[in-house]
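Chain by chain, the residues:
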Amino acid sequence: MKTEQGIQPAEMLTAVPLDESLRRSVLSLIAKKFSAHQVELNEMVDTRLIGGFVLRVGDQQLDASLATKLKRIHHELINSHT
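Residues numbered from 1 in each chain as written. Predicted model: local features only at pLDDT ≥ 70, side-chain atom pairs only at ≥ 80, totals over all residues. Heavy atoms only, no water.

What follows covers the sheet that holds strand 1 (residues 7-14). Strand order in the open sheet made by the four strands is 2-1-3-4, with mixed pairing throughout. Edge positions in the sheet fall to strand 2 (38-45) and strand 4 (60-63), since each has one partner strand and no second. Put simply, the sheet's adjacent strands are angled 15° from each other on average, direction ignored. Against the sheet, helix 1 (residues 20-33) engages strand 1, strand 2 and strand 3 (53-57), with an angle of about 130° to strand 2. (Pairing = 2+ DSSP bridges. Helix = DSSP H or I, 4+ residues; strand = E, 2+ residues; numbered from the N terminus. Axes fitted to C-alpha atoms, helices over the stretch in contact; angles between N-to-C directions. Contact = heavy atoms within 4.5 Å.)

Our focus in this paragraph is a nonpolar patch on the surface. Together, Ile 50, Leu 66, Leu 70, Ile 73 and Leu 77 line one region of the surface with nonpolar side chains, adding up to about 460 Å² of accessible area. On the accessibility criterion, Ile 50 (52% relative accessible area) is exposed. (Patch = residues over 30% accessible without salt bridge, like charges linked within 9 Å, V, L, I, M, F, W, Y side chains within 5 Å. Areas by Shrake-Rupley, 256 points an atom, 1.4 Å probe, with all protein chains shown as cover. Salt bridge = Lys/Arg side-chain N within 4 Å of Asp/Glu carboxyl O. Buried < 20%, exposed > 50% of the residue type's maximum accessible area, 1.4 Å probe, protein only.)

With that out of the way, let us pick up the layout of surface pockets. Once rolled over the atoms, a probe with the size of a water molecule shows which space is left empty. Considered as a void within the structure, the largest pocket measures approximately 220 Å³ in volume. Around the largest pocket, the lining is made up of 13 residues, and of these Leu 29, Ile 30, Leu 55, Val 57 and Leu 62 lie nearest the centre. Only helix 1, strand 3 and strand 4 provide two or more residues apiece to the lining of the largest pocket. Here the lining of the largest pocket gets five residues from one element, more than from any other, and that element is helix 1. Across the lining of the largest pocket, the residue classes tally to 10 nonpolar, two polar and one charged. (1 Å grid on protein atoms, 1.4 Å probe; cavity = no way out; pocket = protein on both sides within 12 Å on 5 of 7 lines; lining within 4 Å. Points joined across faces, edges and corners; volume = space filled by probe spheres on them. Nonpolar A, V, L, I, M, F, W, Y, C, P; charged D, E, K, R; others polar.)

Its place among the elements puts Phe 53 in strand 3. Take Phe 53: its relative accessible area is 25%, and that puts it in the partly exposed class. Along the chain, Phe 53 and Leu 18 lie 35 residues apart, while their C-alpha atoms are 10 Å from each other.

In short, shape yes, function no, at least from these values alone.
Listed below in structure tokens is the structure:
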């Protein structure tokens, strides 16, 4: 229903709270990418990410967290020895 009204819900999970400048940039990027008149951004902080962010918009997810990158490196190192 929100998308019909031009409102795009999104979730942003970060290691630290977003500052206002970064928040505006994220909102603008989502609005352009999804042709939304308005973005409804739900911000959450999770220090387990270590750094970076996880952005979910609709059924799409962008995981640019340091925790995920470290897990991938660990997995690659474990698998390279077998």
